[in-house]
Amino acid sequence: MADNSNSLNRRKFLREGLWGACLGGLGTAAGLTAARNNRDNTVWQIDPNICIQCGNCATYCVLELSAVKCVQAYALCGYCDLCTGYLVPEPTALDTSAENALCPTGAIQRTFVEDPYYEYTIDEALCNGCGKCVKGCLAFGNGSLFLQVRHDRCKNCNECAIAAACPSGAFKRVPADQPYLLKGVERKQ
Amino acid sequence: MTRWARITAFMIVLLIPSLDALGELRFPPPEFESGYQFPQTTSPPALPAIHEYIDAAVLLAALLLATYLILKRRSRRAIFALMLFALLYFGFWRDGCICPIGAIQNVTLTIFDSSYAIPLTAGIFFVLPLVFTLFVGRTFCGAVCPLGAIQDAVLIHPVVVPRWLESGLRLMAYTYLGAAVLFAAIGNAFLICRYDPFVGFFRLSGNWNVLIIGASLLLIGLFIGRPYCRFLCPYGVLLRQMSRLSKWRVTITPNECIKCRLCEGACPFGAIREPTGDWPQGEYKIAKRRLALFLLLLPVLVAAGGWGGYTLKERLARVHPRVRTAERVYLEETGRVEGTTNASDAFRATGRTTEELYQEATAIRDRFAIGGTLLGGFLGLVVAGKLVALSVRRRRSEYEADRASCFACGRCYQYCPKERERWKKNKGVVAGR
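Owing to the predicted nature of the structure, the values given are computational and were not obtained by experimental measurement.

## Observations regarding the overall build of chain B
Piece 1. Helix and strand content of chain B: 19 helices and 2 strands.
Piece 2. By the compact-globule yardstick of 22 Å for 433 residues, chain B is too spread out, its C-alpha radius of gyration being 29 Å.
Piece 3. In terms of overall dimensions, chain B has a C-alpha envelope of 100 × 60 × 35 Å along the principal axes.
Piece 4. Within chain B, contacts between residues separated by at least 24 positions form 81% of all contacts whose residues are at least 6 apart in sequence.

## Some thoughts on the interface of chain B and chain A
A common way to report how large an interface is uses the accessible area buried once the components associate.
Piece 1. Contacts between the two partners involve 56 residues from chain B and, on the opposite side, 58 residues from chain A.
Piece 2. Ranked by residues supplied to the side of chain B that touches chain A, first place goes to helix 5 (residues 120–136) of chain B with 7 residues.
Piece 3. Residues belonging to the side of chain B that touches chain A are distributed by class as follows: 36 nonpolar, 12 polar and 8 charged.

## With respect to the domain arrangement of chain A
Piece 1. Domain parsing of chain A yields domain 1 (1–38) and domain 2 (42–188).
Piece 2. Between the C-alpha centres of domain 1 of chain A and domain 2 of chain A the distance comes to 54 Å.

## Observations regarding the environment of A:Ser97
Piece 1. Mapped onto the elements, A:Ser97 comes out in the loop between strand 2 (68–72) and strand 3 (108–114).
Piece 2. The spatial distance from the C-alpha of A:Ser97 to the C-alpha of A:Phe13 is 81 Å, given a sequence separation of 84 residues.

## A look at the nonpolar core
Piece 1. Within the largest apolar cluster, 155 residues are counted, with the highest numbers of intra-cluster contacts made by A:Ile162, B:Ala86, B:Ile104, B:Phe125, B:Ala143 and B:Ala180.
Piece 2. Those residues within four positions of A:Ile162 in sequence are excluded, and the remaining contacts are A:Asn56, A:Cys57, A:Tyr60, A:Cys61, A:Val68 and A:Phe171.

## Examining the pairing of strand 1 (residues 42–46) of chain A
Each regular strand shows side chains that alternate between the opposite faces of the sheet.
Residues and elements named next belong to chain A.
Piece 1. The element strand 1 is extensively covered by neighbouring structure, given that 4 of its 5 residues are classed as buried.
Piece 2. In this structure, strand 1 lies alongside strand 6 (residues 171–175), joined through 5 bridges in antiparallel fashion. Its bridge partner being in strand 6, Ile46 is matched across the sheet by Phe171.

## Things to note about the domain arrangement of chain B
All names here are of chain B.
Piece 1. You can read the domains of chain B as domain 1 (53–252 + 263–276 + 397–431) and domain 2 (283–390).
Piece 2. Distance from the C-alpha centre of domain 1 to the C-alpha centre of domain 2: 30 Å.
Piece 3. Opposite the 13 residues of domain 1 that make contact, domain 2 presents 13 residues.
Piece 4. When grouped by side-chain class, the residues that make up the side of domain 1 that touches domain 2 number 8 nonpolar, 5 polar and no charged.

## Topic: the packing of helix 4 (residues 100–112) of chain B against helix 5 of chain B
All names here are of chain B.
Piece 1. Running from N to C, helix 4 and helix 5 cross one another at 115°; their axes reach a closest spacing of 8 Å. Like other packed secondary-structure pairs, helix 4 and helix 5 cross with a definite hand, here left-handed. Together, Pro100, Ala103, Ile104, Asn106 and Val107 of helix 4 and Ala122, Gly123, Phe125, Phe126 and Pro129 of helix 5 make up the contact between the two elements.
Piece 2. The residue makeup of the contact of helix 4 with helix 5, split by class, is 8 nonpolar, 2 polar and no charged.

Analysis parameters
- Residues numbered from 1 in each chain as written.
- Chains lettered and ligands numbered in written order.
- Predicted model: local features only at pLDDT ≥ 70, side-chain atom pairs only at ≥ 80, totals over all residues.
- Helix = DSSP H or I, 4+ residues; strand = E, 2+ residues; numbered from the N terminus.
- Rg over C-alpha atoms; globule rule 2.2 N^0.38 Å.
- Contact = placed C-beta atoms within 7 Å.
- Nonpolar A, V, L, I, M, F, W, Y, C, P; charged D, E, K, R; others polar.
- Domains from an automatic or database assignment.
- Core = buried A, V, L, I, M, F, W, Y, C linked by C-beta atoms within 7 Å.
- Buried ≥ 20, exposed ≤ 12 C-beta atoms within 10 Å, placed from the backbone.
- Pairing = 2+ DSSP bridges.
- Axes fitted to C-alpha atoms, helices over the stretch in contact; angles between N-to-C directions.
- Left-handed = near helix turned anticlockwise from the far one by under 90°.

Written as structure tokens, this is what we have:
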């Protein structure tokens, strides 16, 4: 009988010990989290200098319409009449006709400013982040167009589906209080 | 005519190497005479952090309420209502992200990558349900987890899964946990998020393959209760172990078991264990020998698993994008394949040498050799542990919910005649009789 109660105690001791160890482990995890969190939370962003405009941003986002949009750095733009980000190669005319537009969704607006300059603005409600215009602008223009994750749309998934499919590794986690990697900002300052 | 002259002029400009004052721009930004102002590039901010703290607070409140409803109030209807709330809030409203299941990977990455800053919510979501389970059992699974809720809500005709099949299939969850930890630590991939079967339903959009997996799981879930929770959920593996040690837990009867057997078929998840007597006379000796054999087999299984995992290192390493790029670049450089891929183009655009890339890939593969061995060893240990557990007989004097497998859904309460008695008495008290 005494032996029996002893073994019960041993089992109880083991159980209590394991319980304490588990709680300790969870405490360590909590402490680690608190210690590492002195920096800000992170969000996903594209480094425009690494991006190769493969087109994955348009198709891999979990949203129906990708949260990645083309962004115009106006300070870098040449305001060209023959904009290689706006027009297809060898256009029939330099105008806003659909046959000459490079953008598949018609998301770039071309407005006359003064001779011979035109302003190009992105309509984000239409842009699907395919990066065709970015490629065109980089090839022959100033590279003022580039892709960015827009945080008013991004769900900030724990693992970004586009980041997982990005062939160049341009997607990275950036601090949430500086959520953009904009081109042409350092130039103005 | 002037337009064509302008085009030609631009064509010429295109051909001239850029020699402008800025040095880098092919076309210097114009000096406008019409007083045109450069528009600002907008940068809409991310959701403020307060939303995440609200999520954490809701999680804590839901866990407290779930614990009260499951252990004190013992009302399936109230538990179901809370479960639906959790499905709507954590699922459809917050898009199922972040969840404790995925948070395993954030915690893993924090341990292995010192440059990674874990979001505070991810840490809270990982720790809180585990702590609660350590005290009161899996109340998180029963009423708070949105993935559990969506499956629980579609269960209409539960079919019994044999115990042996259940244990066997559960090995998938252990494998999933091991693989998720391995790839989060060194593989640069969050598997649990990538193959989360229900997040697509919460967002009403997503990868088609994963949506099909999710739909199949829900279809299976019509007849087999909570298939993801029982056979796949990696967080469930952790919760099981914590729940074994819990201080308090679900009891089928509110006071005493009269062994009426009414609850026997109540659990759709096969978590109710019947009372057992001692070993039958003849079997005891055989069982003892079997236990000794399995204990001896334990190190063998661990070693075999480890070796198996080691041999998989090259295949495992291929999950890492760097390794895939390195293999592709190697094939291209040695002329074994024609053409380039986006990844190899992107690598060449960085201007780094192929030797650097190969070295990096080799280092990653070495890490996978260690990681694969550990993963295999872990799985060997799980199998051996299950065999040992099967050959140990637990003594039970009444009907009990299995500590590890019980999801704390509260379905079994109403089957207990003692529980009905208690309800009647409580009603009387409320009515002021």
